[in-house]
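Summary of the model geometry
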Amino acid sequence: MKHDNPRPPKFFLRFFRWFCHPKLRDSIEGDLMELYEDCFKESGKRKADLKFIGDVMLLFRPSIIRPTEGYQTLNTYGMYKSYFKMGWRNLLKNQRYAIINIGGLALGISCALIIFAIVKHHLTFDDFHSDSDRIYRIVTEQHRDEISYRYSVPGPLGKVFRDEYTHAEKVARICTFDEQIITIESGSDVRKFKETEVAFAETGFFEIFNYPLLIGNTKKALTEPNTVILTERIAKKYFGDEDPINKTLRLDNRIDLKVSGILNDLPVNSDRQTEIYISYNTLKQFNVWSADEDAWGGISSSMQCFVKLLPNVSTHEVEAVLAPYVKKYRPTSKNVHHYKLQPLNDIHFNEKYGGAMNKSNLLVFSLVGFFLLLTACVNFVNLATAQASHRSKEVGIRKVLGSVRSQLFWQFIIETGLITLMATILALCLSHLLLPSLSEWFNSVIRFDLFSDVPLTLFIVALVFGVTLFSGFYPAILLAGFKPVASLKGKISHAREGGFQVRRTLIVGQFFISQVLIIGLLVIARQMHYATQSDMGFTRDAIVMVPIGSYDEKRETLKHQLMQISGVEKLSLCFDAPASSSFWTTSLRFENRTEEESFSISYKGADENYLSLFELNLIAGRNVLPSDSAKEFVVNESFVKKLNISNEDILGSTMVAGSEMGGNIVGVVEDFHDRSFHEVINPIFISAKKDQYNYYALKINMQDATNTLTAIGQAWNSMYPEQIYEYQFLDEQIAALYTSEETMMKLIQTFSLVALFIGCMGLYGLVSFMAIQKTKEIGIRKVLGGNVWQILWIFGKELSWLIIVAFALAAPISWWLMDKWLQNFEYKLPLTLWIFALSMMLTFGIALLTVGYESIKAALVNPVKSLRSE
């Protein structure tokens, strides 16, 4: 039967006329009539009624209807409550969409939280000291043929400055020594502890810095000789629950110390983590040279001097009065000192003076965190707009039922907020799990106290609101703007639906960030492999460094015992390995010249076995002969080049190093790296001097390394029962020279994976959108004979262009950034094109794996179904 004027059921129209606002009746009824005509044309009268009513009532919500008089609307609370319910139901209905969005945002937010914790941790270092703007460390610029920087000063400088001038409220010297043995005796019970650091401090140190005493008086605790202050943690470690005051401990098995005070445990955000402080007037018992008040001739890294200036005293005034010290106390030295004041807030960040963290690195971390979070938000936008076609009918029906654009906008914003909140909770769990590993990477305790850390809590709140608005604003505006008739007819323009060009731009941005990180990771990993695995001019395989227990005759006795162990192939007594973080530089006079040379020279004290054990290549002359004192020298090529003479001509020449080492040059070795690849090879001399040996260097047979190391330990412990046996493989010591680079590589590796994962999810959203957009095109192509590979190329072409554009933008920026980073190394590998090609290939491979499923599914769909769906 024909119906020329089809109309919806009367009861349905009466229902809407009663509930809808009078101003909306005409437009709503018109939209309903147009919708019903479309239903009628498709399926006839009876089915049209059912389809029409079902489509409209399916998503009906009282909270979005504009009520007439006599009908009380839900209150604001009820309205927003219904928004949350609808958001939750929508997430349950689209679980894959929800999982991808929550996972992507959680990764981005967790990276932002972790980086915030890292940056905040470093920016708050030593900010708890009162009057911190008046606290400075005196540092030294050494001017020779090159300028070098030392955070230490000559030992007497602090005393002279305090006695001669009144610019400072307090002046305090502190002398720190590494790896010391502490012995606690209680009757027959003897316990030994090896502490990382102990320090000899003047009383003013605790008046300059706010390290409060739990027990004792700050001004009196370190006034007497042989007294010591311990932190609460160390006191409990040594004495348990006993009262530690007036207890005795022994330093280095030779100096007895009485506990006179207990410090609060040191804050984790302090560069000074020494937990044992000994009275400064005890120093002369431990190290005579460091305590010498006339020792202006050299600088030990152990000696530091801090000052707290009087108010209104400028650093320029102090540096001006320090300037004459150079000529007054070092008149003949070619190593000209310039003493400067370094602010307390610069100590942690200034790498020239041993700062732990460069501020530029914090800036890089912050930018990486921002871009990762931005990538996650962009990914959300991509996926949300890809879902637009699925929700267009919902929007149309809501508008027909009376919803206004602002209501729809806030509904989608609240839905986004729900996703963000869930992602933030997941991110907090991830961050909490990852922080212990990060603390280990940074060799620091990075805390994540959600409830006690106010800045962190505020950051999280700002993050939730910011991510919600940034991620949800565009999709909410887009979806709320659909016209109801077009939505219900399924005639939403694909260009309008999700802003396809905008989505492409966002994905290019995502892959731009990913490729910058991947290229950076490849360059850093390549340089690190080069630095740690390249030939350094000496062998480092199967070499164990064991500390010498004492300088007496036991040393030679133990040496002979160690040589009897079957797994020990070679042994040498030495100051240190050829490459080390510790070094000893001194001035020199060549031949009979009256003046010192303009450059300094590094000393490697070693016996006659040193060259053969480390396989140093002797290119001229001979090795040093067995001796107890420095009578003969072997020098390196860099030393010869500095003097501008040949290897052969230098043999037989005389040289005086420092104030006491003099003799003839008998050999020249090929240059070897004495420090990390960050620095040039220095002039070096090798000479025997038995009182300067710190290590037994042993080359062992690795086939039976466990038994050999056990036997070495037994021999060492039998000779030095009062000490603690430790050893370290040389390759581990060399790897430790690149700790900061290793940390950066791990972080970039992690962030690269996160950026790639989020970027691939965005790409997945784009391909899902394309599959919907091109449904009819794919069906027509298949009907006309197109094969699967031709269909896949539709997606592959889109993917390829996006990655190529991202790579074209990322490559020059990555080149510039990595070239700047490589400038920190004196010995480095050049940037090559294959690194950039490999980055693009990796990105292509991962992207293809990501979109493969959706692309193949779209290519294999039945063309009849594709055309019918349109």
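Description of the structure in this document. (Residues numbered from 1 in each chain as written. Predicted model: local features only at pLDDT ≥ 70, side-chain atom pairs only at ≥ 80, totals over all residues. Heavy atoms only, no water.)

A closer look at the overall build of the chain
Secondary structure summary: the chain contains 29 helices and 23 strands in total. Scored against the burial criterion, the 870 residues of the chain give a buried share of 52%. Nonlocal contacts in the chain, meaning residues at least 24 apart in sequence, comprise 79% of its contacts between residues at least 6 apart. Summed over its atoms, the accessible surface of the chain is roughly 40,800 Å², and 56% of this surface lies on carbon and sulfur atoms. (Helix = DSSP H or I, 4+ residues; strand = E, 2+ residues; numbered from the N terminus. Buried < 20%, exposed > 50% of the residue type's maximum accessible area, 1.4 Å probe, protein only. Contact = heavy atoms within 4.5 Å. Areas by Shrake-Rupley, 256 points an atom, 1.4 Å probe, with all protein chains shown as cover.)

A closer look at unusual backbone geometry
At Asn253, a position not held by glycine, the phi torsion is positive, near 60°. As for its placement among the helices and strands, Asn253 is situated in the loop between β7 (248-251) and β8 (255-263). The phi torsion at Ala542 lies on the positive side, around 60°, for a residue other than glycine. Checked against the element boundaries, Ala542 lands in the loop between α18 (500-533) and β12 (543-547).

Looking at the pattern of salt bridges
The tally for this structure, following the rule as stated, stands at 24 salt bridges. Between Asp131 and Lys308 there is a salt bridge, with the nearest N and O atoms lying 3.3 Å from each other. Of this pair, Asp131 sits in the loop between α4 (95-123) and β1 (135-143) while Lys308 sits in strand β10 (residues 303-309), and the two are 177 residues apart along the sequence. On the accessibility criterion, Asp131 (36% relative accessible area) is partly exposed. Here Glu726 makes a salt bridge to Lys194, at a shortest N to O gap of 3.1 Å. Residue Glu726 is found in the loop between α23 (705-719) and β23 (728-729), and its partner Lys194 is found in strand β4 (residues 189-201); the two are separated by 532 residues along the sequence. Judged by its relative accessible area of 35%, Glu726 is partly exposed. By relative accessible area, Lys194 is classed as partly exposed at 24%. Each of Asp131, Arg134, Glu169 and Lys308 takes part in a single network of salt bridges with overlapping partners. (Salt bridge = Lys/Arg side-chain N within 4 Å of Asp/Glu carboxyl O.)

Things to note about the packing of aromatic side chains
With the rule as written, the count across this model stands at 39 aromatic pairs. With 5.6 Å between their ring centres and 90° between their planes, Tyr325 and Tyr329 make a pair best called edge-to-face. Of this pair, Tyr325 and Tyr329 both sit in helix α11 (residues 325-329), four residues apart, roughly one helical turn. Judged by relative accessible area, Tyr325 falls into the buried class, the value being 1%. Pairing Phe599 with Phe639 gives two aromatic rings, centres 6.2 Å apart and planes at 75°, and the pair type is edge-to-face. Pair noted here: Phe599 is in the loop between β15 (588-590) and β16 (601-605) and Phe639 is in helix α21 (residues 637-643), with a separation of 40 residues, a long-range link. According to the relative accessible area criterion, Phe599 is buried, its value standing at 4%. Judged by relative accessible area, which is 0%, Phe639 ranks as buried. Cluster of aromatic residues (ring-pair linked, three or more members): Phe128, Phe205, Phe206, Phe209, Tyr211, Tyr277 and Phe306. (Phe/Tyr/Trp six-rings, centres within 6.5 Å; stacked < 30°, edge-to-face > 60°.)

Observations regarding the sheet that holds strand β13 (residues 568-574)
Spatially, the four strands line up as an open sheet ordered β13-β22-β12-β23, and their pairing is antiparallel. Among the strands making up the open sheet, the edge pair consists of β13 and β23. Judged from the two bridges that link them, β12 and β23 form a sheet pairing that is antiparallel. From the neighbouring strand, Met545 faces β23, where its bridge partner is Gln728. On the sheet, helix α19 (residues 554-563) packs against β13 and β22 (695-700) and is oriented at approximately 160° with respect to β13. Here α23 sits on the sheet and contacts β12, β13, β22 and β23; the angle it forms with β22, its principal contact strand, is near 155°. (Pairing = 2+ DSSP bridges. Axes fitted to C-alpha atoms, helices over the stretch in contact; angles between N-to-C directions.)

A closer look at the environment of Ala620
Mapped onto the secondary structure, Ala620 falls in strand β17 (residues 618-621). Taking the C-alpha atoms as reference points, Ala620 and Glu637, 17 residues apart in sequence, are found 9.9 Å from one another. What Ala620 contacts, discounting residues up to four positions off in sequence, is Asn647, Leu651, Val666, Gly667 and Val668.

Brief notes about the nonpolar core
Among the nonpolar cores identified, the biggest contains 96 residues, and Leu113, Phe538 and Phe614 are the most heavily contacted of them. Among the elements that line this core, the one with the most residues is α4, at 14 residues. With residues near it in sequence (within four places) discarded, Leu113 still touches Ala427, Leu428, Ser431, Phe448, Leu456, Phe459, Ile460 and Leu463. (Core = buried A, V, L, I, M, F, W, Y, C linked by side-chain atoms within 4.5 Å.)

A word on α23
For an α-helix the count is 3.6 residues per turn, leaving residues at separations of three or four pointing the same way. Across its 15 residues, α23 extends 21 Å between first and last C-alpha, which sits within 8% of the 21 Å expected from 1.5 Å per residue. Among the residues of α23, those classed as buried are Ala705, Thr708, Leu709, Ile712, Gly713, Ala715, Trp716 and Met719. Projected down its long axis, α23 shows its buried positions confined to an angular sector of 165°, all on one face. Of the exposed residues in α23, the ones pointing more than 90 degrees away from its buried face are Thr706, Gln714 and Ser718. Its buried side turned inward, α23 meets β12, α19, β13, β22 and β23. (Expected span 1.5 Å × (residues − 1). Arc of directions from axis to C-beta.)

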